[in-house]
Amino acid sequence: MAKKKNKKQEEVIENYYDLKIEKVDELVAALKGEDDGLPEVSMYISDCTGVDDPKNYTRSGKQKEFDPYKRDFLSRIPVWLKAIFIKWWFFGVVCYFVNMGLGLSVPNALDMLVLSGIITGLVVELFVNPIFRYMEHEGEYNPYIMFPFPLKAFWTFFANILYYCIVVWGTSWIYAFINEALRAANPESYFAIEPLVFGVFTLVVDMALIGVKDLLVFVFKKIHKKKIVENV
């Protein structure tokens, strides 16, 4: 009795994973519009959703159809442009709220530099990188991330804070160089910090350091691959 029951269960499981070829043929025939007595499949949004919404019609009154291959506006923008804009915008936000907003509360330049670096690292870790991961498909945003690990690691939280303290420190040197050049021409000249230019300078330093890292990783992988080929 137990053997019959087990055999029946095995048949049920086997049949469950059987490919329903006839169903696939019916679907293909329906999509091709072949007249085999099957109902015609409508691709109109209103027919598929069952909701007659004005948004499902064009301005001329025609019904809109589903297009699974239609690309939205954001997907048409190059990855490099989106990555640069997002980073530049968030760097500018940090400058506006930290460097300008807390300028009087933190008069010491070194304290402000460290605070700005910490906040920038937190913003990148909590906002910028998650946005990149949300928009990516096959790691195309990795060249714009200092620590492009597919799984979020605990140590990257502190690594990003330390790294962006270095980035902001590099940005401060750009301002220092510009101000020294201006003072050489006119002692009263001063190039003040503001979000738009601060975002550009911070982005330049950030991408330069990421570029150096990517170059070192490329060279290391090439040497490692060469050693493997030689040992084979």
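Values in this document were obtained by computation on a predicted structure and should not be read as measured data. Throughout this document, residue positions are counted from 1 along each chain, in the order its sequence is written. Two thresholds apply to this predicted model, a pLDDT of at least 70 for residue-level local features and 80 or more for giving and counting side-chain atom pairs, whereas whole-chain, interface and lining totals are computed over all residues. Where side-chain values are given, they derive from all heavy atoms of the structure, hydrogens and water being excluded.

**Quick look at the environment of Val 114**
In DSSP terms, a helix is any run of H or I states spanning at least four residues, a strand is any run of E spanning at least two, and both are numbered starting from the N terminus. Here Val 114 shows up in helix α6 (residues 109-135). Taking the C-alpha atoms as reference, Val 114 lies 8.2 Å from Trp 169; in sequence the two are 55 residues apart.

**With respect to the pattern of salt bridges**
We define a salt bridge as a side-chain nitrogen of Lys or Arg found within 4 Å of a carboxyl oxygen belonging to Asp or Glu. The final tally for this structure, using the stated rule, is four salt bridges. Lys 87 is paired through a salt bridge with Asp 206; the nearest N and O atoms lie 2.6 Å apart. Residue Lys 87 is found in helix α5 (residues 79-100), and its partner Asp 206 is found in helix α8 (residues 195-231); the two are separated by 119 residues along the sequence. Like Lys 87, the residue Asp 206 is buried in the burial classification. A salt bridge links Arg 183 to Glu 180; the nearest nitrogen and oxygen atoms lie 3.7 Å apart. Taken together, the positions of Arg 183 and Glu 180, both in helix α7 (residues 154-185) and three residues apart, correspond to about one turn of that helix. Throughout, exposure labels follow a simple rule: accessible area from a 1.4 Å probe, protein chains only, divided by the maximum for the residue type, with under 20% read as buried, over 50% as exposed, and the rest as partly exposed.

**Examining α5**
The first and last C-alpha atoms of α5 sit 30 Å apart over 22 residues, in line with the 32 Å expected at 1.5 Å per residue. Taken as a whole, α5 has its buried residues at Lys 82, Ala 83, Ile 86, Lys 87, Phe 90, Phe 91, Gly 92, Val 94, Cys 95, Val 98 and Asn 99. Under the convention used throughout, the expected extent of a helix is 1.5 Å for every residue step, that is, one less than its residue count.

**Examining the layout of surface pockets**
In this analysis the probe radius is 1.4 Å and the grid spacing 1 Å, with only protein atoms considered; a cavity is a set of points the probe fits into but cannot get out of, a pocket is an open set with protein on both sides within 12 Å along at least five of seven lines, and lining residues have an atom within 4 Å of a point. Grid points are joined across faces, edges and corners, and a volume is the space filled by probe spheres set on the points. Each pocket or cavity is described by its volume, and for the largest pocket that value is around 440 Å³. Taken together, 21 residues make up the lining of the largest pocket; nearest its centre are Asn 99, Ala 109, Met 112, Ser 172 and Ile 193. The greatest single-element share of the lining of the largest pocket, amounting to six residues, is contributed by α7. Considering only residue class, the lining of the largest pocket consists of 15 nonpolar, six polar and no charged. For this classification, the nonpolar set comprises Ala, Val, Leu, Ile, Met, Phe, Trp, Tyr, Cys and Pro, the charged set comprises Asp, Glu, Lys and Arg, and every other residue, Gly included, is treated as polar.

**Concerning the nonpolar core**
What makes a nonpolar core is a set of buried Ala, Val, Leu, Ile, Met, Phe, Trp, Tyr and Cys residues whose side-chain atoms join them at distances within 4.5 Å. Counting residues in each nonpolar core, the largest one holds 21 residues, and the members touching the most others are Val 128, Phe 132, Tyr 163 and Tyr 164. The set of elements that each furnish at least two residues to this core consists of α5, α6, α7 and α8. Looking at this core element by element, the count peaks at six residues for α5. By the convention used here, residues are in contact when the closest approach between their heavy atoms is within 4.5 Å. Ignoring sequence-local partners within four residues, the contact set of Phe 132 consists of Ala 83, Ile 86, Lys 87, Tyr 141, Tyr 144 and Ile 145.

**Considering the packing of α7 against α8**
As a rule, the C-alpha atoms of each element are fitted with a line to give its axis, helices using only the stretch in contact, and angles between N-to-C directions run from 0 to 180 degrees. Interhelical geometry of α7 versus α8 gives an angle of 125° and a closest axis separation of 9 Å. It follows that α7 is oblique to α8 by the angle criterion. Once α7 is placed against α8, the crossing between them reads as right-handed. Where α7 abuts α8, its residues Tyr 163, Tyr 164, Ile 166, Val 167, Gly 170, Thr 171, Ile 174, Tyr 175 and Ile 178 lie against Val 197, Phe 198, Phe 201, Thr 202, Val 205, Asp 206, Leu 209 and Ile 210. Among the residues making up the contact of α7 with α8, the classes are represented as 13 nonpolar, three polar and one charged. Orientation categories follow fixed angle ranges, with anything under 35 degrees roughly parallel, anything over 145 roughly antiparallel, 65 to 115 roughly perpendicular, and all other angles oblique. By the definition used in this description, the sense in which the near helix is turned from the far one sets the handedness, with an anticlockwise turn below a right angle giving left-handed and a clockwise turn giving right-handed.

**Observations regarding the side chain of Thr 156**
Note that Thr 156 resides in helix α7. Excluding anything up to four places from it in sequence, Thr 156 contacts Glu 125, Phe 147 and Phe 149.

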